[in-house]
Number of protein chains: 2
Amino acid sequence: MDNTQPTFLLSGESLQDIVQELGINVIMDELILKMYNSFVNFNSDNSIMPVRSGFNYMKPQEGLIEWMPIRDVAKEKVTIKVVAYHPQNPTLHLLPTIISTTSTYDTITGHLLSIIDGVLPTSLRTGAVSAIASRLMAHSDSKVLGIIGCGAQAVTQLHAISRVFSLDTVIYYDIDSNVSDSFRDRTNLLGLDVQYIEGSINDIISTSDIVCTATSIGVGAGPLFEDVKTKEWLHVNAVGSDFPGKIELPKQMLLDGYVCPDYIEQAMIEGECQQLKPDQIGSDLITCLKNSEQYQFLKNQLSIFDSTGMSLQDQVVVDLFTNHAKEMNIGEYVFLENTKTDTQNPYSFLRASKYA
Amino acid sequence: MDNTQPTFLLSGESLQDIVQELGINVIMDELILKMYNSFVNFNSDNSIMPVRSGFNYMKPQEGLIEWMPIRDVAKEKVTIKVVAYHPQNPTLHLLPTIISTTSTYDTITGHLLSIIDGVLPTSLRTGAVSAIASRLMAHSDSKVLGIIGCGAQAVTQLHAISRVFSLDTVIYYDIDSNVSDSFRDRTNLLGLDVQYIEGSINDIISTSDIVCTATSIGVGAGPLFEDVKTKEWLHVNAVGSDFPGKIELPKQMLLDGYVCPDYIEQAMIEGECQQLKPDQIGSDLITCLKNSEQYQFLKNQLSIFDSTGMSLQDQVVVDLFTNHAKEMNIGEYVFLENTKTDTQNPYSFLRASKYA
């Protein structure tokens, strides 16, 4: 009996081929649109999304490996991203801080449908979500984007936000001058017509309309700054805080502004919301987007999007790439699961052998 | 910058090649030995094993997809089995009830080291654990093995137990006569010198020295039998109960005997221990094995091993197959993760393109 079904593999290199072919702006615009739609149409009866969990450790270096599952009832599938965060990777191993793959499973039979790189998708979707949060909460005429932490995530933060605002200035900082020195070069390919200014954290906080923080500040070492006067409408996308004990923003700033988390329960464990009591936290992003008229006031005041990442976001970006890959005939199929056997006999393959 | 590391793929077919080459008895004996060693040397500071969680549902059919993680501190790796249970699979889809793959991750960088079929390993390790539990708790002269539920798991239960006891009789039952009728044929390849008797559940419970229950009885439909007199030293491996609401054994039997779960917290959620209060549950298998002299009394009384499955068991069987595969040059390498890029720039690959 042979009812073996293949698993679709989509490597990082295949994803690059797709982006190369379609163009990075096309991909980002499509991702922002699909992500926005997934948020405003979100239904917790259809998308079942437990709080992620994982292993975190300080030896051999600081690290985290966690799993982010989601079940889509209507699509009859489960998507699980396994994501690793190892901030010493670039320095010690010439590898990205975030390494990840995402698997999808059919809930009819349990078959593993696909395995897809999660490195590029994670940075793209994290950027797309900041763009969506900024479009809701930042001043509509925002021109000055501040970037604190100029690593891999900063590139997609800048890219995504540049797709929804007419930026004229990018002011940026990294604690590692090699990283800040290369930021302009690394983002040249976006072809943005903006002025690049290297600045201090305080310059960035005081002069920006929108700020993205995406640092690898250590556990217990935050916040990145204290007590800086901001434009009254500043919007901050706090992207880096995603680890118990890791925070980027001062508590007073959170108390002064409106804090909108992506996923409250998770943000209270590993986001900026670790610093807050439940009654100090605003509505989550999905609620704000579903009721956007009620939340227009945020455009004129200090607002903070506490971005920790959700498996729903991973499902959207994986579906987007999988669809493009299948249309473009990119990717490969492998037979991984041992289903090529009598369903009642795990040893049936032995019959034809010398051990039969 | 290219520091891409490959992921090792070991398919179900590759595992079959390994078993074919080494022989199923060699594999099972080695697995029982390594599994036993992993239990008696278990150290919860080294092997960090959260209770598994997952999605379970009744539509489109009854099903479960769950993840079973373990971190091995000394080996600097995380092993995650994703396992699906869909009891309608054989009938509706010609697929096994249990479909699974296991992934391992390096805790130094987060790199995905390997993906290996979990279908054959799951049935092998579940058999091996029942053999270990039976060797501890069953009467040393056990000759009669009862099998209730003659599907895929029954084959490896019989095989594993036949490696540690001198069986002379196998008495078996399945609710589906097609499945019971084929059981002898399906296990012929084991070459056992035993008498096969098809019997009723009551015959099995009353005449066996050791019983293995591995049924797909529905949620809320258990137990499989009520109030049957047994040999006073009967040992039962209750393998099938691994789903909230699914039970195989009558509560009175559990109360009359000594119940040893593999993992108490998990067994209370999805095993036979769902029926018990904490003070009605005995020590877990690892505790019993580490202190086996204290538990010799179990050989002369009714005992029940409540087997729900642990990620430690999956780690052992995955390591065993991975080692053999590498020695035998079986398996393949793929480049899945998008690490072939500037660690600070997810778009670096675009530089050479028309979009640069």
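Check the entry above for the structure.
On a predicted model such as this, the values are computed, not experimentally measured, just so you know. (Residues numbered from 1 in each chain as written. Chains lettered and ligands numbered in written order. Predicted model: local features only at pLDDT ≥ 70, side-chain atom pairs only at ≥ 80, totals over all residues. Heavy atoms only, no water.)

Asker: Whenever I open this one, the environment of N178(A) confuses me. Can you help?
Answerer: Inspection of the secondary structure puts N178(A) in helix 6 (residues 177-187). Sequence-wise, N178(A) and S200(A) are 22 residues apart; in three dimensions their C-alpha atoms are separated by 15 Å. (Helix = DSSP H or I, 4+ residues; strand = E, 2+ residues; numbered from the N terminus.)

Asker: I'm lost on the interface of chain B and chain A in this one. Help?
Answerer: The figure often quoted for interface size is the accessible area lost as the parts come together. Every contact between the two is made by 90 residues of chain B and, on the other side, 90 residues of chain A. Taken over both partners, the interface formed by chain B and chain A buries close to 7,700 Å², and the fraction arising from carbon and sulfur atoms is 67%. Looking only at chain B, the three residues that lose the most surface to chain A are F55(B), Q344(B) and Y347(B), adding up to 10% of its buried area. Applying the counting rule to chain B against chain A returns zero salt bridges. Viewed at the interface, chain A and chain B are joined by 22 residue pairs in polar contact (both at pLDDT 80 or more). The greatest single-element share of the side of chain B that touches chain A, amounting to seven residues, is contributed by helix 1 (residues 12-22) of chain B. (Contact = heavy atoms within 4.5 Å. Buried area = accessible area lost by both parts, 1.4 Å probe. Salt bridge = Lys/Arg side-chain N within 4 Å of Asp/Glu carboxyl O. Polar contact = N/O pair within 3.5 Å; in protein donor to acceptor, adjacent residues only side chain to side chain.)

Asker: How should the packing of helix 1 (residues 12-22) of chain A against helix 11 (residues 311-328) of chain A be read in this particular structure?
Answerer: When two helices pack together, you describe them by how their axes are tilted relative to each other and by the distance separating the axes. All names here are of chain A. Here helix 1 crosses helix 11 at 80°, and the two axes come no closer than 10 Å. Taken together, helix 1 and helix 11 sit at an angle that is classed as roughly perpendicular. The residues of helix 11 that touch helix 1, namely those facing L15, I18, V19, E21 and L22, are F321, H324, A325 and M328. Residue composition of the contact of helix 1 with helix 11, grouped by class: seven nonpolar, one polar and one charged. (Axes fitted to C-alpha atoms, helices over the stretch in contact; angles between N-to-C directions. Parallel < 35°, antiparallel > 145°, perpendicular 65-115°, else oblique. Nonpolar A, V, L, I, M, F, W, Y, C, P; charged D, E, K, R; others polar.)

Asker: Where do I start with the side chain of D314(B) in this structure?
Answerer: All names here are of chain B. One can find D314 in helix 11 (residues 311-328). D314 sits in the buried class, given a relative accessible area of 2%. One polar contact links D314 to K81, side chain to side chain, over a distance of 2.9 Å. Sequence-distant contacts of D314, that is, excluding residues within four places in its chain, are made with M68, K81, T122 and R125. (Buried < 20%, exposed > 50% of the residue type's maximum accessible area, 1.4 Å probe, protein only.)

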